[in-house]
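The lines below spell out each chain.
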Amino acid sequence: MRAELFLQYLVSGLIYGSIYAAVAIGFNIIYNATGIINFAQGEFAMLGGMIASSLASRLPLALAMAAAVAATTLVGIGMERAFLRRIARGGVLKMIIATIGLSIAIREIALLIWGESVRTLPFFSGTEVSSVGIAGAHFSPQVFWVLGVTALVVAALTAFFKLTLIGKAMRGCSANREGASLCGIDPDLMVTLAFGLSAAIGAIAGCAVAPLTQTHYAIGTGLGIKGFTVAAFGGLGNSLAAVGAGLILGMLESFSIIVVPEAYKDVVSIVVLLAVLFAKPSGIFGSRAAGALKDY
Amino acid sequence: MRTERIAKIAAFIAIASSCLTSAYAAPGGGDPIKIGAIFSVTGSAAYLGAPEEKTARMVVDDINKSGGIMGRQVKLIVKDSGGSSEKAISFAKQLIDEEEVAAIIGPTTSGESLAIKDLCIKGKTPLLSCASAETITSPVSKYVFKVAPKDNYIAEWIYKTMNQLGIKKIGVIASNTGFGNGGKAQLEKYAAQYGIEIAISEAYDANATDLSALLTKVNAAGVQAVVNWSIEPAQAIVAKNMKQLKMPQQLFQSHGFANIKYVEAAGAAAEGIIFPCGRLIVADQLPDSNPQKKLLVKYSSDYKAAYKEDASTFGGHAYDTLYILKAAIEAAKSTDADKVAQAIENLKGFSGDGGVFSFSGADHNGLQMDSIEMMIVKDGKFALYAKK
């Protein structure tokens, strides 16, 4: 294979990987705080992209996205307060199923509000036809934005959980709910915060990828499933692992196209995921000991 | 895996919750004529199904206001299949057995149409499909008709244009759906006849969010042009990815591109895309002598007034099914399935949105090659492609 062609596949893998990783990070926060998988995570990304695209015609792009992130955060908080909190005692599985129900509800509401049309956000820099060339490989400058935003979010999250009191309280609550509440931490509040944070991150991801992927009411399902695959592949609960896993999976899908038709791209990633989970249930970057502490 | 179980539960909930159906009846005297409609109002074919559903409601309203069919009001029963063949089958059964409709219009997609074809034949219910696959009406079966142009016409128009432009070696990509695979098969079938070599032919996932890797592969095959055959938003992604990859090739799309929203989604990347389709999208640019012009302009302006969005050829298909049905029932003076089917076969020179229909016992589509023109995207709008 020509070096140029190899590089182009590599870049395509980077594009896929950056999209997946951006969505995957949100799964980890809620998982860390509650031990559940939030299947409405993809809908957060959809809401972020859709709200931003509706506002983009009236507001400057940055402002429209900030408003979209704020609105989606409220949806995340509302979802936890209004529904999930009430069934939290019912166990993890019940809550997971509730998130599936909520994801369908959000999707249907989005269909009522925005209809079935596809929308896009303007590219953050350049236009649809802008292209950056590196050593013969070409791609949209938006890829840099997605990677940059993802890196920024991971760095901010790491700092938040390691350095701030609230971040430490959330970790404490995740490690031992009863212990944390004996120390004066309000576990319910921490869970609400986790949903708000995760919705915000989902919305940021949704905005960043929308110029590339476009957005419509149903895009959350696909993004959510891929995001979950990547989160599980990397090791649930670890945001940095999600980025690594996203990029690996993106590369795998991109290079698999050389031999397997595009239509079976998802099959490739699911087979790899199953193989990894079979050999190492805690994910490629996950630690077995940490995994065993979770009830899920 | 636990997630698999969850996915199954989710799928069940999804199916259960989206089986929302609605009935629409206009007040009026006498026994209403029931017409069933199966459209993908939601799902990946929503771009086609939603304008079809809106058009059907608008047309039925118009027909009822102007006295109905033979003085009887029309009751339209719309079912949203979400693009799923399984749902289309169960809705078709419901419409035939429980509602006992006089005819079914739709479904939106080729896959669904082929799936319910046999049900309609066995249930003796005329079916007027809005989908394009040639196999819907070939071989001909008594009760099955279609109003969308056949996909082989589309393929041949693309090849004719390629011959004019001196393009010989092409790459074909299509979504992995009934529509995409049908089109891909037609392109492969007619390539040799027009002296075209298909260097690479691939299917992609209908929900794809980026196609740069696939297009890299196509580019590496050394092609002069790319044909994309799909109905999904991926059509806009293909256009953008080609520009981002700095691919110089001409992009051809199928008639699935005939919705201005795809042009909007692709933005500057849509400029210069060439595709074949019916004349509706360029109605105002047609010469006054065109027999369809008056009808097309009226439908587009009515639709725009009612729904505040541009009409698409897909909505036009729904329009045609209802007026063909009306003409046939009036000619047959009955809603009896055999008489209606016979009356449709007898329709000649019937001006519709999709072209001038002339049905016969051997042709249940009624459209000829000339119902289609080549279009080009120019300054963010559709325009007639000027032949060189």
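Not measured: the values here are computed from a predicted model. (Residues numbered from 1 in each chain as written. Chains lettered and ligands numbered in written order. Predicted model: local features only at pLDDT ≥ 70, side-chain atom pairs only at ≥ 80, totals over all residues. Heavy atoms only, no water.)

Even after reading the chapter, I still don't get the nonpolar core, so can you show me in this structure?
Nonpolar side chains tend toward joint burial in soluble globular proteins. Counting 68 residues, the largest nonpolar core has B:Tyr159, B:Met162, B:Ile170, B:Phe252, B:Phe275 and B:Phe382 as the members making the most contacts within it. It is helix H5 (residues 151–165) of chain B that provides the largest number of residues to this core, a total of seven residues. Excluding residues that lie within four positions of it along the chain, B:Met162 makes contacts with B:Ile167, B:Ile170, B:Ile196, B:Ala225, B:Val227 and B:Phe252. Counting 67 residues, the second-largest nonpolar core is a separate cluster that includes A:Ala24, A:Ala137, A:Val143 and A:Cys207. (Core = buried A, V, L, I, M, F, W, Y, C linked by side-chain atoms within 4.5 Å. Buried < 20%, exposed > 50% of the residue type's maximum accessible area, 1.4 Å probe, protein only. Helix = DSSP H or I, 4+ residues; strand = E, 2+ residues; numbered from the N terminus. Contact = heavy atoms within 4.5 Å.)

Any chance you could explain the pairing of strand E14 (residues 373–378) of chain B here in plain terms?
The two faces of the sheet receive side chains in turn, since in a regular strand these alternate between them. Residue and element names in this part refer to chain B. Burial analysis of E14 places five of its six residues in the buried class, the great majority of the element. The pairing of strand E11 (residues 274–277) with E14 spans four bridges and is classified as antiparallel. In the sheet register, Phe 275 faces E14, and the bridge partner there is Met 375. Between the end of E14 and the start of strand E15 (residues 381–384), which pair antiparallel, lie two residues, with Asp 379 showing a positive phi angle near 50 degrees. (Pairing = 2+ DSSP bridges.)

I would appreciate a short explanation of the packing of aromatic side chains in the present structure.
Each aromatic ring pair is characterised by the separation of its centres together with the angle its planes make. All names here are of chain B. Across all of its chains, the model carries 20 aromatic pairs over all chains by this definition. Between Tyr 47 and Tyr 262, the ring centres sit 4.3 Å apart and the planes meet at 20 degrees, which makes this aromatic pair stacked. Within this pair, whereas Tyr 47 is found in helix H2 (residues 46–65), its partner Tyr 262 is found in helix H9 (residues 260–266), the two being separated by 215 residues in sequence. Owing to a relative accessible area of 3%, Tyr 47 belongs among the buried residues under this scheme. Considering the side-chain rings of Phe 257 and Phe 382, the 6.4 Å spacing of their centres and the 75 degrees angle between planes classify their relative orientation as edge-to-face. Of this pair, Phe 257 sits in the loop between strand E10 (250–253) and H9 while Phe 382 sits in strand E15, placing them 125 residues apart in sequence. (Phe/Tyr/Trp six-rings, centres within 6.5 Å; stacked < 30°, edge-to-face > 60°.)

I'm lost on a nonpolar patch on the surface in this one. Help?
A surface patch of nonpolar side chains, amounting to about 360 Å² of accessible area, comprises A:Ile109, A:Leu112 and A:Ile113. Looking at where A:Ile109 falls in the secondary structure, it is placed in helix H4 (residues 92–114). (Patch = residues over 30% accessible without salt bridge, like charges linked within 9 Å, V, L, I, M, F, W, Y side chains within 5 Å. Areas by Shrake-Rupley, 256 points an atom, 1.4 Å probe, with all protein chains shown as cover. Salt bridge = Lys/Arg side-chain N within 4 Å of Asp/Glu carboxyl O.)

I'm lost on the domain arrangement of chain B in this one. Help?
Reports of interface size often rely on the accessible area that becomes lost once the parts have come together. Residues and elements named next belong to chain B. Per the domain assignment, the segments of chain B are domain 1 (2–149 + 296–369) and domain 2 (151–277). Look at where the C-alpha atoms of domain 1 and domain 2 centre, and you get two points 28 Å apart. On the side of domain 2, 22 residues touch domain 1, which itself brings 19 residues to the contact. Together domain 1 and domain 2 conceal approximately 1,800 Å² of surface at their shared face, both sides included; 60% is due to carbon and sulfur atoms. The interface formed by domain 1 and domain 2 includes one salt bridge. Inspection of the domain 1/domain 2 interface yields seven residue pairs in polar contact (both at pLDDT 80 or more). (Domains from an automatic or database assignment. Buried area = accessible area lost by both parts, 1.4 Å probe. Polar contact = N/O pair within 3.5 Å; in protein donor to acceptor, adjacent residues only side chain to side chain.)

What exactly am I supposed to notice about the pattern of salt bridges here?
If charged atoms from side chains of opposite charge come close, those side chains can pair. One pass over the full model with this rule turns up 18 salt bridges over all chains. A:Glu253 serves as the salt-bridge partner of A:Lys265, at 3.8 Å between the closest nitrogen and oxygen. Residue A:Lys265 is found in helix H11 (residues 265–279), and its partner A:Glu253 is found in helix H10 (residues 239–256); the two are separated by 12 residues along the sequence. The pair A:Lys265 / A:Glu253 is uniform in exposure class, with both members buried. The closest approach of N and O atoms between B:Lys298 and B:Asp302, which form a salt bridge, is 2.7 Å. Of this pair, B:Lys298 and B:Asp302 both sit in helix H10 (residues 293–307), four residues apart, roughly one helical turn. A residue is classified by how much of its surface remains accessible, and B:Asp302, at 26% relative accessible area, is partly exposed.

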